[in-house]
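Structural features, examined
If you want the building blocks of each chain, they are given just below.
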Amino acid sequence: QDVEAWQEKTQQFLISRASSAPPSEVGDGSLKSWADGGGNAPPLKRLYLLIDSRLPQPTLLDLTVMGWCDDCAIPYTPVLNKVDG
């Protein structure tokens, strides 16, 4: 349950920060109002999704996150982690 709750909160956070979210969900977008606690955080410009490069394929969780980023118009870049040999 804790993992599911964390995933739900993370998804809600990212969706609320999507640049395509209605203005009422992201505030006026000004950094000042956000920093002063008067509004929500500005829209995300990009999400960097860390992928375990030791695995031959992305995990189901990786693919799920990419899918809902696509569905919510959240731009993302998959980043493979470094593996020392």
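Residues numbered from 1 in each chain as written. Predicted model: local features only at pLDDT ≥ 70, side-chain atom pairs only at ≥ 80, totals over all residues. Heavy atoms only, no water.

Thoughts on the overall build of the protein
Summing up its helical and strand segments, the protein has four helices and two strands in all. Each helix (α) and strand (β) of the protein, taken in turn from the N terminus, gives the series α-α-α-β-α-β. When the 85 residues of the protein are sorted by exposure, 24% land in the buried category. Partitioning the intrachain contacts of the protein with sequence separation of at least 6 by distance along the chain shows that 61% fall at a separation of at least 24. Looking at the protein as shown, the accessible area adds up to about 6300 Å², and 58% of this sits on carbon and sulfur atoms. (Helix = DSSP H or I, 4+ residues; strand = E, 2+ residues; numbered from the N terminus. Buried < 20%, exposed > 50% of the residue type's maximum accessible area, 1.4 Å probe, protein only. Contact = heavy atoms within 4.5 Å. Areas by Shrake-Rupley, 256 points an atom, 1.4 Å probe, with all protein chains shown as cover.)

Looking at the pattern of salt bridges
Here the structure, examined in full by the defined rule, presents one salt bridge. Its salt-bridge partner being R54, residue D52 comes within 2.8 Å of it at the nearest N-O pair. Overall, D52 belongs to the partly exposed group, its relative accessible area being 23%. (Salt bridge = Lys/Arg side-chain N within 4 Å of Asp/Glu carboxyl O.)

Quick notes on unusual backbone geometry
Its identity is not glycine, yet A73 carries a phi of approximately 60°, on the positive side. Examined against the element boundaries, A73 turns out to sit in the loop between α4 (60-71) and β2 (76-80).

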